[in-house]
Protein chains: 4
Amino acid sequence: MNNNAVLLIHCPDQSGLVAEVTRFLHERGGNIVRLDEHVDQQLGRFFMRVEWQMDNFEIESKEKIRKIFLERIGHKYDGMYYEVHFMDYVPKMAVFATKASHCLYEIIYRTQSPSENWNVEIPLVISNRDTLRDNVEPFGIPYHYIKVEKDKKEEAEKKQLELLKKHNIDFIVFARYMQIVTDDFISRFPNRIINIHHSFLPAFIGPKPYHSAYERGVKIIGATGHYVTNELDAGPIITQDVQRISHKDGVKDLIRKGRQVEKIVISEAIRLHLERKILVCDNKTVVFD
Amino acid sequence: MNNNAVLLIHCPDQSGLVAEVTRFLHERGGNIVRLDEHVDQQLGRFFMRVEWQMDNFEIESKEKIRKIFLERIGHKYDGMYYEVHFMDYVPKMAVFATKASHCLYEIIYRTQSPSENWNVEIPLVISNRDTLRDNVEPFGIPYHYIKVEKDKKEEAEKKQLELLKKHNIDFIVFARYMQIVTDDFISRFPNRIINIHHSFLPAFIGPKPYHSAYERGVKIIGATGHYVTNELDAGPIITQDVQRISHKDGVKDLIRKGRQVEKIVISEAIRLHLERKILVCDNKTVVFD
Amino acid sequence: MNNNAVLLIHCPDQSGLVAEVTRFLHERGGNIVRLDEHVDQQLGRFFMRVEWQMDNFEIESKEKIRKIFLERIGHKYDGMYYEVHFMDYVPKMAVFATKASHCLYEIIYRTQSPSENWNVEIPLVISNRDTLRDNVEPFGIPYHYIKVEKDKKEEAEKKQLELLKKHNIDFIVFARYMQIVTDDFISRFPNRIINIHHSFLPAFIGPKPYHSAYERGVKIIGATGHYVTNELDAGPIITQDVQRISHKDGVKDLIRKGRQVEKIVISEAIRLHLERKILVCDNKTVVFD
Amino acid sequence: MNNNAVLLIHCPDQSGLVAEVTRFLHERGGNIVRLDEHVDQQLGRFFMRVEWQMDNFEIESKEKIRKIFLERIGHKYDGMYYEVHFMDYVPKMAVFATKASHCLYEIIYRTQSPSENWNVEIPLVISNRDTLRDNVEPFGIPYHYIKVEKDKKEEAEKKQLELLKKHNIDFIVFARYMQIVTDDFISRFPNRIINIHHSFLPAFIGPKPYHSAYERGVKIIGATGHYVTNELDAGPIITQDVQRISHKDGVKDLIRKGRQVEKIVISEAIRLHLERKILVCDNKTVVFD
């Protein structure tokens, strides 16, 4: 996958788009290895992901591709949104955590496991507690404990943002980070903060979803990976998974069984993000997996 | 299963209950074929289901079993709730429907299919539309069209209740019956009205859940079989199931995919009810499947 | 979907294929509503499905599209396989059954249910028993009982083939048809006989898979929808699904639980076939759902 | 769970067993916290698991319970098999691995994670390679590299057995250990070696199941946790799980997706073994979860 490029587009639907984009790439020597498209009939909107080999592609730099694509195609289509990604770039991911180790651990393991083939680097872990330091530092990852005091959230976020900037962080993962961040913080990483919520959203928004699930007596629990927006637990959903439970399961069992689902869901959301398979529009995702 | 009896109990937990109940049955010649028990630690409550063969059991009538059980065991335990069922009795189930045929159809098919082994009879189908008559009458089941006018709900329910009484109906299934019934109606069939809600409760309570699911952009939809209580879509959940969806699915696809889940879930809820495997307590179910 | 056309292609992979095909359609006024492509890296083979609106398409007949496509594109690519389908054509499906009614029933229900939106007609049901006649004729579908005697299989198949020809059957579904058909019969419907096998293939090939599953003590059972080839239960798999079981389930329970999975799997396979979403190559399927 | 005891029984089915066992425990002050029973109709065999609190139980030692139970109950029932376990005993588990780290890692993580609540100790990891040393020693677990040469398997196993004996190992987990062990080795740990096989058994027995699954074109892959017996991949199945795949997945994807299933399945099998929820009879398991 290393020397491929990915183009993500969405725009009002119209005839000829696929033909035009594929010709644009083909004529410049770009061998398409994968193409996905989708038309949202309700929105009247067209979504596309094209991945092509850069080996013999005549335009080599991302900036130039962007410029030429805009001149030849982009400017003709009102309201077109597009991104270009080079897969040889290694994104920098910051992981935020609090007390629970299972998601953090799974993420570190997958990042370091060659067979997972995750194209990512973790320059730092940030936590509002000092609890997980020993789970992180042995892997050679710096651990930053930044206390978040009730009335001084902005102060803490200022420190966080400095670290994120210093390390050129591309996107953030909230690996069971038990703090609500400010709108200002979120606005700096649009569709670039992935959160795991430990319920099958929109059921059980907010804290203690397993307790609520137990009280309600549901027979299936779940977890949701989504991008963070200003509205709590209401951002675009990337992926969800579920787990069957029964009357035998107390709250502790739900927490234990849920952790397994959470690990899978957050890993899946990160993988899809890294492989540039997600387009966001109208608070929903198109996932070309 | 024909000549078995089932005892369902729940009461405050205490030592020796299983020993006492099993001895009671054993000493009277009742061979236990299945026993399930559960202690809800949070409620401090004990639940049990025992099924035994009546062939050589010395007490033959349900009323006598109930009386002797009460004298020997029941009276010693404060707050004990119990039911006795004879499996050779064929329960009478009324099915309520509106326009959608899929659940109704599945229920009729399973009722008439020997291999499903459902011990049940459908003396009548009641509907607030005349639409499904041709789906029902060919199977030899009477179809009653009772119009439910906005301000005359009680009037319609009066007619329904007369029919239910006349046919000695034991329990009711709302097979996508699109009417909210009165508290009075519900109070006459406590834990004996099974409803299918076409969402993964408590997500998307109320009408048009597939539209809401589409709007929210969830990646999994579901259905819930539950007993009807006075609070809308909030009764004890019997069973739930889910189905994975994607951005490719419009509302119509969700409806189509959902129907498959609904059919399975309502059939499962009916089967569990017929096999006397459900105990209800504190608005939750214990399902001994 | 009514006035759309579908082009299915597979051929050795090479650069520029998507561009060429999409331009071909676009230049002739064909608005693409859906495009899927896949490159099988191991086979070095390219697969594509394009669906476009015929409303303003300048070539109107299937034969002409085929001819012009061959002249302009097809002939340039060695080893290209392609099919063109018009979605306003209603395929004719023959259903073969024996004793079990659940798959047959489900298929008839879905065919007749408007909300399933199946674009298909069932001109006849053929069975080697007379058992299911009453399950079929009330729906207005002719039922043909053709006995298959041990040493006279060819004779029976001759009668079957005459009926299939007479009714211009496009494809066949074996809805738990408990007969092995001859290679000659199969060769007349290449990738056009869909079979449901009541196990998770390749586990438990052959008869009585639920008995074998019970003997082996598996914890999950399944069903497989596949195209029939000369090798028993070894044809290209279209879709599979599974169901969790436990030690509580005897053979009868496996059969009962399995039926539910079989119904879903066979319906899914038929839907995919009708929507022209399946390409077969090298005894495997590419399913663009 | 700490001060509970568990009794596991199976024997030819007969009336009165539950009554007798529960009375035996109740009369000696044992408060039953959980009871599960199952009658295998085909085998005519009764299975039971009872868990009770030892706090006020009048017999305190495992040996004495065993003796008294035998005198009062066991001797009356021909062919009764039973085990008694005290949950305050911490079993010693040896983990065998080769090159793949994912199962090993998951097991170590869960063993050390308080919220998993695994009652187990890992005194050592044994491997036929030196590859995974750095994945194990940082957790404070000794890593033993014992080379297994083709013609000197017995020699290697002798060393392994010495280590197992020295550390009082109770049971073994093959966490993707890529060696076939001798019958002699297996006979020393009957129903006490848990293996993870990376397929949905009995499909794809033997090596390279993901390659075989890819070749066959299945749409679902799986993993199986089972006890090791003399016949390869044919021991009693404890638990299985599956994962949906598609034509997009090459062999590498199957391996990657399968690892996730393997981790879950092996963890589940170990948990069930530790909680004494498994009974083995006739090469099948009864799992009281």
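Everything numeric in this text was worked out from a predicted model, so none of it was measured. (Residues numbered from 1 in each chain as written. Chains lettered and ligands numbered in written order. Predicted model: local features only at pLDDT ≥ 70, side-chain atom pairs only at ≥ 80, totals over all residues. Heavy atoms only, no water.)

## With respect to the interface of chain C and chain D
Where we set the bar: Residue contacts are defined here by distance: any two heavy atoms, one from each residue, within 4.5 Å place the two residues in contact. Note: buried area is the sum, over both parts, of the accessible area (probe 1.4 Å) each one loses when the two are combined. Each reported salt bridge corresponds to a side-chain nitrogen of Lys or Arg within 4 Å of a carboxyl oxygen of Asp or Glu.
Counting residues at the interface gives 34 residues for chain C, matched by 33 residues for chain D. Interface of chain C and chain D: buried area, both sides summed, is about 2,900 Å²; carbon and sulfur atoms make up 53% of it. Three residues, Arg 216, Lys 219 and His 247 of chain C, lead the burial of chain C against chain D; their summed loss comes to 25% of the area buried on that side. Counting across the chain C and chain D interface gives 2 salt bridges. Across the pair Arg 244 of chain C and Asp 241 of chain D runs a salt bridge whose closest N-O atoms are separated by 3.0 Å.

## Describing the interface of chain A and chain C
Convention followed: Pairs of N or O atoms within 3.5 Å make up the polar contacts considered here, provided that, within protein, one atom can donate a hydrogen while the other can accept it, and that residues adjacent in sequence are counted only when both atoms are side-chain atoms. Numbering of helices and strands runs from the N terminus, with a helix taken as a DSSP run of H or I at least four residues long and a strand as a DSSP run of E at least two residues long. When residue character is reported, Ala, Val, Leu, Ile, Met, Phe, Trp, Tyr, Cys and Pro are called nonpolar, Asp, Glu, Lys and Arg charged, and the others, Gly included, polar.
Across the contact, 15 residues belong to chain A and 15 residues belong to chain C. Between chain A and chain C the total buried area reaches about 1,300 Å² when both faces are included, carbon and sulfur atoms providing 52% of it. Between chain A and chain C we count 0 salt bridges in total. At the junction of chain A and chain C, the tally comes to 9 residue pairs in polar contact (both at pLDDT 80 or more). When contributions to the side of chain A that touches chain C are tallied by element, the ones reaching two or more residues are α1 (17-27) and β2 (31-40) of chain A. For the side of chain A that touches chain C, the element with the highest residue contribution is β2 of chain A, accounting for 6 residues. Residues that form the side of chain A that touches chain C fall into these classes: 5 nonpolar, 7 polar and 3 charged.

## Some points on the domain arrangement of chain A
Residues and elements named next belong to chain A. Filter applied, for reference: For each domain, the first and last residues come from an automatic or database assignment.
Domains assigned within chain A are domain 1 (4-86) and domain 2 (92-287). The centre of domain 1, based on its C-alpha atoms, is set 31 Å off from the matching centre of domain 2. In this assembly, 13 residues from domain 1 lie in contact with 9 residues from domain 2. Of the roughly 910 Å² buried at the junction of domain 1 and domain 2 (both faces included), carbon and sulfur atoms supply 70%. Where domain 1 meets domain 2, there are 0 salt bridges. Here domain 1 is connected to domain 2 by 4 residue pairs in polar contact (both at pLDDT 80 or more). Looking at the side of domain 1 that touches domain 2, the elements that each hand over two or more residues are β1 (4-12), β2, β3 (45-53) and β4 (81-86).

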